[in-house]
Amino acid sequence: MIVPSAPVLLVDDDLAIIHSTSMILKEGFQLRCLSALSGKQAFEVIESEAVSLVLLDLGLPDMSGEEVLVRFLKDFPQVPVIIVTALRDLDVAVRCMSLGAYDYVVKGSEP
């Protein structure tokens, strides 16, 4: 079950991205955020605390974002995962969506 008051989990190896995204979500939407700099950290966080949403980068230092996506969806199917990446690759986007990602957003892209 999705817990609307639960925090958003930001998974990205770039602290600047985590910081700026967290500021936007906190100030603009009053959302609490948790962060992880690697796939391993992300699993430690989500296994210890309920989250309402995962914003997941594909470029992580210890495993691919696609691997993280597959495991998240298997172990926590009720939590939507949005891919947020700099990778502008249609094949990767289609693959992530077909795996079950809720959406695929390119960092720095115009709406």
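In this report, we go over the structure that sits alongside the text. Throughout, a residue's number is its position along its own chain's written sequence, starting from 1. Note on the predicted model: pLDDT of at least 70 is required for a residue's local features to be given, and 80 or more for side-chain atom pairs to be given and counted; whole-chain, interface and lining totals, by contrast, use all residues. Side-chain measures were taken over the full set of non-hydrogen atoms in the model, leaving aside hydrogen atoms and water.

A word on the sheet that holds strand β3 (residues 53-56). Two strands make a pair as long as DSSP finds a minimum of two bridges between them. A run of DSSP states H or I qualifies as a helix once it reaches four residues; a run of E qualifies as a strand once it reaches two. Both are numbered from the N-terminal end. As summarised here, the arrangement of the five strands in space is β2-β1-β3-β4-β5, forming an open sheet in which the pairing is parallel. Edge positions in the open sheet fall to β2 (33-36) and β5 (103-106), since each of these has one partner strand only. Adjacent strand axes in the sheet meet at a mean angle of 20°, parallel and antiparallel pairs treated alike. By the bridge criterion, three bridges tie β3 to strand β4 (residues 81-85) in an arrangement that is parallel. Its bridge partner lying in β4, V54 is registered against V81. Axis definition: a line fit to C-alpha positions, over the contact stretch in the case of helices; interaxial angles, taken between N-to-C directions, run 0 to 180 degrees.

Attention shifts here to the nonpolar core. Residues L9, V54, L56, F72 and I83 are the most contacted members of the largest nonpolar core, which totals 27 residues. Of all the secondary structure elements, the ones that give two or more residues to this core are β1 (8-11), β2, α2 (39-48), β3, α3 (65-75), β4, α4 (90-99) and β5. Contacts are assigned to residue pairs with any non-hydrogen atoms lying within 4.5 Å of each other. Not counting residues up to four positions away in its chain, the partners in contact with L56 are V11, G65, V68, L69, V81, I82, I83 and V84. What makes a nonpolar core is a set of buried Ala, Val, Leu, Ile, Met, Phe, Trp, Tyr and Cys residues whose side-chain atoms join them at distances within 4.5 Å. For each residue, the accessible area found with a 1.4 Å probe, counting protein chains only, is set against the maximum for its type, and the residue is called buried under 20%, exposed over 50%, and partly exposed in between.

This next bit is on the packing of α3 against α4. For the pair α3 and α4, interaxial distance at closest approach is 10 Å and the crossing angle is 15°. One way to sum up the angle between α3 and α4 is to call them roughly parallel. Crossing of α3 against α4: the hand is right-handed. Here E66, L69, V70 and L73 of α3 lie close against α4, whose contacting residues are V92, R95, C96 and L99. Its residues assigned to classes, the contact of α3 with α4 shows six nonpolar, no polar and two charged. Oblique is the label for every angle not falling under 35 degrees (roughly parallel), over 145 degrees (roughly antiparallel), or within 65 to 115 degrees (roughly perpendicular). In this scheme the crossing of two helices becomes right-handed for a clockwise turn of the near helix relative to the far one and left-handed for an anticlockwise turn of less than a right angle. Ten residue types, Ala, Val, Leu, Ile, Met, Phe, Trp, Tyr, Cys and Pro, are classed as nonpolar, four, Asp, Glu, Lys and Arg, as charged, and the remainder, Gly among them, as polar.

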